[in-house]
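# Examining the three-dimensional arrangement
One letter stands for each residue in the lines below.
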Amino acid sequence: MTIPVEWMPPLMFIGLVLFMLVGYPVAFSLGAMGLFFGAISVQQGFFSFDFLQAIPGRIFGNILSNDVLLAIPFFTYMGSILERCGLAEDMLESMGQLFGPIRGGLGYSVIIVGFILGAITGTVAGQVIAMALISMPIMMRCSYNMRYITGVLAASGTITQLVPPSLVLIVLADQLGKSVGDMYLGAWGPSVVQVALFAVYTWLLGVFRPGDVPPVPKEDLTLTGWALWKKCLLGIIPSAVLIFVVLGTMFLGLATPTEAGAMGAVGAGVLAVMHHKQFSATGKNVLIIGLFAALFGIVVGVSGLPSWMFKAAFAVVYAAVVWILIEGWRIADLRSLFIQGYQQTMRITSMVTFILIGATSFSVVFLGVDGNKWLEHMLTSMPGGPWGFLAFINVFIFFLAFFLDFFEIAFIILPMIGPVAQLQLSPIVGPDNALIWFGVMLCVNMQTSFMHPPFGFALFYLRGVAPKEVKSSDIYWGALPWVGLQLLLVALVIAFPSIVTGLLEKPAAVDLKSIHFQAPPSDDSGPPPTFK
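Not measured: the values here are computed from a predicted model.

## Brief notes about the overall build of the protein
The helix and strand inventory of the protein stands at 23 helices and zero strands. Taking 24 Å as the expected radius of gyration for a compact globule of 532 residues, we find that the protein reaches 26 Å, a close match to that expectation. Here the C-alpha coordinates of the protein stretch approximately 85 × 75 × 50 Å along the principal axes. For the protein, the residues scored as buried account for 51% of the 532 residues in total. The averaged location of the 26 negative side-chain charges in the protein is 11 Å from the averaged location of its 23 positive side-chain charges.

What follows is the structure in structure tokens.
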């Protein structure tokens, strides 16, 4: 039986969907579909067996040797440590006391803490669970509307998907062939707009439905004055330092994403030890010495003083970090925390690697049967030009996220639609910014995969830790307004690309006609040059 080559790309998609509907793991479904249709293609003569050698070549050349993907285990470990070390509890308690006297104050505190934790943890599960365990009983005791409680807790936990150093952004940058730093810069604008949308929604509820978000009773406000501000600063300042160590060094060009992730992983361990009640007085003194040495080293580096002073200062910093981590390892709770972090990092990294291997097998065969041309023709012939393309892709990704998580969407779909997006969106924002705009837009869209009923994982996490009196219907109905806010953010990013591109470097405008090449004057006195 002869199969037309034009049938192969849609047949591959249909086969993949059927495998996933059966419930077979996505990584192995991708690999099986790739090898199965690869065998058919060889038998039909669409390409030779030698063409399949590209699969192991890409696996070892583009996946296992990929420096960008090496950042994933570092950021995963950092998030795993920080979500369990007590940082969320301290910040939620202090922010709740600070904003409690105003209507919606506990909602504002959950949103702000979600934003801060999103910039240092990068994991939705731990963030939703931690904030729900801490804030939900307090909000219920203060008579907050149950649907608002569940909605704001789930939505604030998903902020971490968009705020740098999000794992989603690292994967998107890798799959679209763009810089991780540029993807992070592009995501800051939508991240801030999202927090503003959440805060405005809470404020509107306080104006029009004040009974849904009442202030905290005065008798529950146990901290005031400097004691309150001190507790807030003790939670915010270490987090801000870690954010700068991770993101600031990357944006300043001092570290690659992998190096920044490694520093973040070490910094997370130090932060966990600092927050533990058994952190000794000697350890605190060592921490202070390390901080002063770091400040001295920065001053030396900026002032241009002798390099040996800079090296000596940071040798002291490294010694202080090692001392603190060794002290943390001797504490049983922290040792268990570090081991759990290693285990979770191994699980997530292994999952990503297997999905990538399966996606590589699928994509190589898909390209071999001209699937890229089939997909490009289908997407570029849609009515509405680039705007029609964006509308279709965002609706497609939104519904696809009901069944697939962001890793699977990124590894399966993005390599296929990336070239079409570059072609379609370059006339709007320029060729340099097209894929950054597109990637951040999809990141905002894929946030909803954690929120929309009935498959949103954030809702499952919330259901798992919520008290029995919280109905599942309250969790699902409470999520809908926040999904609407996230979709509104998608629309704003599409309508106003500068939200993403505003912080990116503008490409240098060079007039090619103004460039002149001048050859050096020839010297005829010597022998003519000879070429070998």
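And the narrative resumes.
## Some words on the confidence of the model for the protein
With 92% of its residues at a pLDDT of at least 70, the protein reaches an overall mean of 81. Confidence, expressed as mean pLDDT per element, reaches its minimum in the protein at helix 5 (residues 87-99) with 73 and its maximum at helix 10 (residues 180-208) with 90.

## Some points on the pattern of salt bridges
One pass over the full model with this rule turns up two salt bridges. Residues aspartate 474 and arginine 147 are paired through a salt bridge, measuring 3.4 Å at the closest nitrogen-oxygen approach. Residue aspartate 474 is found in helix 22 (residues 472-495), and its partner arginine 147 is found in helix 8 (residues 146-158); the two are separated by 327 residues along the sequence. Its relative accessible area of 13% is what places aspartate 474 among the buried residues. Given a relative accessible area of 39%, arginine 147 falls into the partly exposed group. A salt bridge links aspartate 212 to arginine 209, with the nearest nitrogen and oxygen atoms 3.0 Å apart. You can call aspartate 212 buried: its relative accessible area is 13%. Under the relative-accessibility criterion, arginine 209 is labelled partly exposed at 49%.

## What about the packing of aromatic side chains?
Within this structure, the stated rule accounts for 16 aromatic pairs. Seen in terms of ring centroids, tryptophan 329 and phenylalanine 338 are 6.4 Å apart; in terms of plane orientation they differ by 5°. Their pairing is stacked. The exposure class assigned to tryptophan 329 is partly exposed, which follows from its relative accessible area of 39%. Between the aromatic rings of phenylalanine 392 and phenylalanine 396, the centroid separation amounts to 6.0 Å while the plane-to-plane angle is 5°, which identifies the pairing as stacked. A residue pair is termed a helical-turn pair when its members lie 3 or 4 positions apart in one helix, as phenylalanine 392 and phenylalanine 396 do in helix 17 (residues 385-400) at four residues. Ring pairs connect the aromatic residues Tyr144, Tyr148, Phe198, Tyr201 and Trp482, which therefore count as one cluster.

## Points about the nonpolar core
With 157 residues, the main nonpolar core has Phe75, Leu153, Phe389 and Phe438 as its most contacted residues. Looking at this core element by element, the count peaks at twelve residues for helix 15 (residues 332-368). Those residues in contact with leucine 153, other than ones at most four positions away along the chain, are Val110, Val128, Met131, Ala132, Ser135, Met136 and Leu462.

## Points about the side chain of histidine 276
As for its position among the elements, histidine 276 is in the loop between helix 12 (257-275) and helix 13 (281-303). Beyond its immediate stretch of four places on either side in the chain, histidine 276 contacts Ile331, Asp333 and Leu334.

## Side note on a nonpolar patch on the surface
The grouping of Trp7, Leu11, Ile14, Val17, Leu18 and Leu21 at the surface amounts to a nonpolar patch, some 610 Å² of accessible area in total. With respect to the secondary-structure elements, isoleucine 14 resides in helix 1 (residues 8-22). Note on isoleucine 14: relative accessible area 47%, which makes it partly exposed.

## Notes on helix 22
An α-helical turn contains 3.6 residues, so a residue and the one three or four places further along point in the same direction. Taking 1.5 Å per residue as the helical rise, helix 22 with its 24 residues ought to reach 34 Å, and the 35 Å between its terminal C-alpha atoms agrees with that figure. A bend of about 25° at leucine 480 is the largest found in helix 22, and the proline proline 481 appears one to four places after it. Of all the residues in helix 22, the buried ones are Asp474, Ile475, Gly478, Ala479, Trp482, Val483, Leu485, Gln486, Leu489, Val490, Val493 and Ile494. On its buried face, helix 22 is in contact with helix 8, helix 10, helix 17, helix 20 (434-447), helix 21 (457-465) and helix 23 (498-501).

## A short note on unusual backbone geometry
As a rule of thumb, non-glycine residues mostly have phi less than zero, and peptide bonds are mostly trans rather than cis. A positive phi angle, near 65°, is found at serine 143, a position not held by glycine. Tracing the backbone shows serine 143 in the loop between helix 7 (124-141) and helix 8.

## A closer look at the packing of helix 17 against helix 20
Contact geometry of helix 17 with helix 20 gives a least axis separation of 9 Å together with a crossing angle of 35°. As helix 17 packs across helix 20, the resulting crossing turns out to be right-handed. Contacts between helix 17 and helix 20 pair Trp387, Phe389, Leu390, Ile393, Asn394, Ile397 and Phe398 from the former with Trp437, Phe438, Met441, Leu442, Asn445 and Met446 from the latter. When its residues are assigned to classes, the contact of helix 17 with helix 20 shows eleven nonpolar, two polar and no charged.

## A look at the environment of valine 241
Assignment of secondary structure puts valine 241 in helix 11 (residues 225-251). For the pair formed by valine 241 and glycine 267, sequence separation is 26 residues and the distance between their alpha carbons is 9.2 Å.

## Looking at the side chain of serine 109
Secondary-structure assignment places serine 109 in helix 6 (residues 105-118). Apart from the residues lying within four places of it in its own chain, the contact partners of serine 109 are Leu92, Met95, Gly96 and Phe99.

## With respect to helix 15
With 37 residues, helix 15 extends 54 Å between its outermost C-alpha atoms, agreeing within 8% with the 54 Å of an ideal straight helix rising 1.5 Å per residue. After helix 15 finishes, the residue aspartate 370 shows a positive phi value of roughly 60°.

Criteria and cut-off values
- Counting starts from 1 at the beginning of each chain's written sequence and moves along it residue by residue.
- In view of the model being predicted, local features appear only for residues whose pLDDT reaches at least 70, and side-chain atom pairs are presented and counted only at 80 or more, with totals across whole chains, interfaces and linings using the full set of residues.
- Side-chain numbers here rest on the full set of heavy atoms in the structure, without hydrogens or water.
- Each helix is a run of DSSP H or I of at least 4 residues and each strand a run of E of at least 2, with the numbering of both proceeding from the N terminus.
- The globule rule used here is 2.2 Å times the number of residues to the 0.38 power, and the radius of gyration it is set against is calculated over C-alpha atoms.
- Per-residue accessibility, obtained with a 1.4 Å probe over protein chains only, is compared with the maximum for each type, and a residue is labelled buried under 20%, exposed over 50%, and partly exposed between these values.
- Only four residue types enter the tally: Lys and Arg on the positive side, Asp and Glu on the negative side; His and the chain ends are excluded.
- Note that the charge is assigned to NZ on lysines, CZ on arginines, CG on aspartates and CD on glutamates.
- pLDDT gives the predictor's per-residue confidence on a scale running from 0 to 100.
- What counts as a salt bridge is simple: a side-chain nitrogen of Lys or Arg found within 4 Å of a carboxyl oxygen of Asp or Glu.
- Two aromatic rings from Phe, Tyr or Trp, using only the six-membered ring of Trp, form a pair when their centres are within 6.5 Å; if the ring planes differ by under 30 degrees the pair is stacked, by over 60 it is edge-to-face, and anything between is tilted.
- Nonpolar cores are built from buried Ala, Val, Leu, Ile, Met, Phe, Trp, Tyr and Cys residues. Side-chain atoms within 4.5 Å join them into one set.
- In what follows, residue pairs with any heavy atoms lying within 4.5 Å of each other are defined as contacts.
- Only residues whose relative accessible area exceeds 30% and that take part in no salt bridge are eligible for patches, with like-charged residues grouped when within 9 Å of each other and nonpolar side chains (Val, Leu, Ile, Met, Phe, Trp, Tyr) grouped when within 5 Å.
- Under the convention used here, a 1.4 Å probe and the Shrake-Rupley method define accessible areas, while residue burial counts only the protein chains that appear.
- Expected span of a helix, by definition, is 1.5 Å for each gap between consecutive residues, and there is one gap fewer than residues.
- Fitting one axis to the seven residues ending at a residue and another to the seven starting there, the bend at that residue is the angle between the two axes.
- To obtain an axis, a line is fitted to C-alpha atoms, over the contacting stretch when the element is a helix, and the angle between two such axes runs from 0 to 180 degrees between their N-to-C directions.
- Helix crossings get a hand from a simple test, with the near helix turned counterclockwise from the far one by less than a right angle marking a left-handed crossing and a clockwise turn marking a right-handed one.
- Under the scheme applied, nonpolar residues are Ala, Val, Leu, Ile, Met, Phe, Trp, Tyr, Cys and Pro; charged residues are Asp, Glu, Lys and Arg; polar residues are all the others, including Gly.

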